[in-house]
Amino acid sequence: MARKSRKTDSLYAVGQGKTEGVLIPNEVKPSFAGFHAGLYARLSLESELNRERNTIENQMALLQDFVSGRDDIEVVREYFDISKTGTNFDRPGFAEMMQDIRDGKINCVIVKDLSRLGRNYVDAGNYIERVFPFFHVRFIAVNDHYDSEREGSGLMVGLSNIFNEHYARDISRKIKSSNKSSWKKGECVAGCLAYGLMKDLKDKHRIVPDPEVAENVTRIFELFIEYKNYSKVARILTQEGIVCPKAYFTKKRTGEIPEGMNVSWIGTSVREILKNRYYIGDSVHGKTEKFPLRGKKREIRDQKEWMVVENTHEALVSRELFEQAQEVIAEIKHKHEHPQEPGIFSVSSMNLLKDHIFCADCGRKMYLKKQRRTRPQYYCSGNARYKPCCGEGHYVMLEEVENAVMKVIHAHIVIGLDKASMLRRLNRRQGSIRKFDWIGKEISRIHAELNKLKEHKQALYVDFSSDIIDLEQYREYLDHDKQMEKSLSDKLSDLAAYQKTYDRNHPVPQDWEKLFETYKNKRKLTKEIVEAFVDRVEVHKDKSLEIRLKYDDILKDTVEIAEKRGAEDGK
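Remember, predicted model here, so these are calculated numbers, not experimental data.

The rules behind each value
Each chain has its residues counted from 1, following the order in which its sequence is written. Note on the predicted model: pLDDT of at least 70 is required for a residue's local features to be given, and 80 or more for side-chain atom pairs to be given and counted; whole-chain, interface and lining totals, by contrast, use all residues. Each side-chain value is worked out from all heavy atoms of the structure, with water and hydrogens disregarded. A pair of strands is labelled paired if DSSP reports no fewer than 2 bridges between them. Segments assigned H or I by DSSP are reported as helices when at least four residues long, segments assigned E as strands when at least two residues long, and all are numbered from the N terminus. Interaxial angles span 0 to 180 degrees and are taken between N-to-C directions of axes, which are lines fitted to C-alpha atoms, for helices over the stretch in contact. Expected span of a helix: the number of residues minus one, times 1.5 Å. Classification of residues uses two cut-offs on accessible area relative to the type maximum, computed with a 1.4 Å probe and protein chains only: under 20% is buried, over 50% is exposed, and between them is partly exposed. To be clear, the arc concerns the directions from the helix axis to the C-beta atoms. Oblique is the label for every angle not falling under 35 degrees (roughly parallel), over 145 degrees (roughly antiparallel), or within 65 to 115 degrees (roughly perpendicular). Helix crossings are classified by the rotation of the near helix relative to the far one: an anticlockwise turn of less than a right angle makes the crossing left-handed, while a clockwise turn makes it right-handed. It only takes one pair of heavy atoms within 4.5 Å for two residues to be counted as in contact. Asp, Glu, Lys and Arg are counted as charged, while Ala, Val, Leu, Ile, Met, Phe, Trp, Tyr, Cys and Pro are counted as nonpolar; the rest, among them Gly, fall into the polar class.

Chemist: How would you sum up the pairing of strand S17 (residues 534-539)? Please name residues and give values.
Modeler: As judged from the three bridges shared by strand S13 (residues 357-359) and S17, these two strands associate in the parallel manner. Counted as the bridge partner of Ile357 is Val537 from S17. Pairing between S17 and strand S18 (residues 545-549): five bridges, direction antiparallel. Bridged to Val534 within S18 is Leu549. Linking S17 to S18, which pair antiparallel, is a turn of five residues; within it Lys543 sits at a positive phi near 70°.

Chemist: I'd love a proper account of the sheet that holds strand S16 (residues 395-397), names of residues and values included.
Modeler: Reading across from one edge, S14-S15-S16 is the order of the three strands in this open sheet, with antiparallel pairing throughout. Of all strands in the sheet, those bounded by a partner on one side alone are strand S14 (366-369) and S16. Neighbouring strand axes in the sheet, compared pairwise and without regard to direction, differ in orientation by 25° on average. Sheet topology places strand S15 (residues 377-380) next to S16; three bridges connect them, and they run antiparallel. Along S16, the bridge assignment pairs Tyr379 with Tyr395.

Chemist: A description of helix H2 (residues 55-68) should follow, citing residues and the corresponding values.
Modeler: Relative to the 20 Å expected for 14 residues at 1.5 Å per residue, H2 spans 20 Å between its end C-alpha atoms, a close match to the ideal helical length. Looking only at H2, the buried set comprises Thr55, Ile56, Gln59, Met60, Leu63 and Val67. Down the axis, H2 shows its buried residues gathered within 135° of arc, on one side only. With respect to the buried face of H2, the exposed residues turned more than 90 degrees away are Asp65 and Ser68.

Chemist: Go over the packing of helix H7 (residues 214-227) against helix H8 (residues 230-239) with me, naming the residues and quoting the values.
Modeler: When two helices pack together, their arrangement is given by the angle between their axes and by how far apart the axes lie. Direction vectors running N to C along H7 and H8 enclose 130°, while the axes themselves pass 9 Å from each other. Classed by the angle they form, the pair H7 and H8 counts as oblique. Crossing geometry of H7 relative to H8 is assigned as right-handed. Across from Arg219, Ile220, Leu223, Phe224 and Tyr227 in H7, the residues of H8 making contact are Tyr230, Lys232, Val233, Ile236 and Leu237. Of the residues contributing to the contact of H7 with H8, the split by class is eight nonpolar, no polar and two charged.

Nothing here speaks to function; it is all geometry.
Printed below as a string of structure tokens:
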């Protein structure tokens with residue numbers, strides 16, 4: 001079958017300033033009649049040994065040698081991905097190459113072997129058998145002696161891709177097995193270690209104290225036992241000029257701390273150090289696990305499934321000191337989860353809007369203050385002496401805020417329940433029921449039209465692949481179908497929303513109405529009501545309030561639907 005010529009206005013090297021690809025110095029001549037090629041190389045893991053061997057450079061050199069002896073291929077650009085797995089195609093260099101294919105800048109892809117393209121046989125096969133042919137792209141795997149221009153290569157590609165995926169899975173299993181074997185022996189196979197620890201320069205599998213900061217770890221445990229407060233320990237370390245772990249590791253890696261980098265300690269860093277068993281000489285493995293079907297992120301496993309190997313290296317703190325710290329951590333956690341009941345007249349018992357009330361001008365939280373012989377008031381934290389940004393006198397009385405919030409909540413409840421009841425009455429009429437059914441039939445008709453469009457797009461692709469229609473016709477028909485699909489989808493969305501207004505069971509969420517019923521007779525604000533209804537309260541300098549409730553959007557929709565239905569039914 002004769003290959004169609006590809007319509008391109010110009011062919012040129014692109015991607016200036018991007019690290020995933022390398023520009024070819026010479027411009028591609030538009031008059032060149034052969035294939036405009038992109039060379040692609042991939043390296044799964046960049047290690048010191050790989051850098052010494054110039055693995056990426058060697059792949060590119062092999063591909064350049066292959067092209068140099070041919071007069072039907074001209075290299076437009078080189079693409080590469082470093083430290084990217086072949087089990088998926090989420091790679092920046094590969095994505096950029098595909099974009100250049102779509103833009104018509106290259107029509108030939110050359111790789112060292114099939115495994116460089118990918119080790120997932122389904123996805124790799126899809127690119128070779130479907131995607132590349134769709135764009136009329138020639139694909140060549142040099143070492144596998146595969147060229148899509150040659151007949152009879154399909155079976156070999158399938159077998160090679162299956163072998164590559166099996167190889168990747170087998171390697172993964174072997175690495176996990178090897179790691180577990182090393183863990184049981186007390187050997188370290190981690191890429192990086194916690195603050196205060198480092199790998200022995202003479203034996204990379206052995207953990208030793210980091211002489212520069214090991215004493216800081218011991219001091220953190222001692223300070224925590226004394227003050228029983230993460231933030232207090234962090235402040236002391238910062239005041240003593242000790243840089244935080246992130247800044248320390250940056251300096252150790254690059255030789256300096258970048259200008260403007262925050263070197264202060266925070267409480268969470270202190271807490272993580274205090275919980276780390278590596279500081280008592282134990283190694284902990286298998287804390288996280290990757291589940292491909294759930295996404296790319298690693299998930300924390302149950303603590304019972306962790307592998308703990310004791311006494312694998314020199315301890316920085318004694319077990320007694322470590323256990324004391326864990327007891328204090330448990331106490332802090334218990335107090336946080338089970339706070340003591342505050343006194344009836346304490347500020348904490350009055351501060352029902354804590355974390356919900358803010359300054360409308362600077363956005364900072366308002367805090368409750370109660371002095372002798374004065375009524376409680378909410379003050380803007382932005383006018384505090386240590387960091388002023390709001391003018392003095394920015395406050396509002398507690399009583400005024402609570403009354404205003406409760407008034408708004410009660411008004412919402414009354415309006416919401418009234419409109420919900422109105423909608424139920426309207427939707428149970430015979431006319432409304434017939435309208436609901438008619439809309440349902442129209443929705444079914446549109447779904448059928450969308451299914452036909454889907455089948456038509458598949459048929460178009462078959463016609464295009466069989467040379468019944470050319471690329472220009474294919475794109476024209478495809479654009480028309482996309483416009484039709486968008487028009488039908490928009491209409492479907494509108495009908496679904498419209499049908500909702502005629503639902504016999506009314507469109508108001510049941511949990512919303514149930515919540516309103518629960519609190520409709522309440523007249524005094526409580527912490528429970530605040531958590532159920534209040535989203536945010538903003539206080540202006542003139543003491544005016546903006547009150548946003550969690551159900552504002554639902555109430556607004558319900559009121560609009562009820563008013564519209566009432567107008568349609570002559571109510």
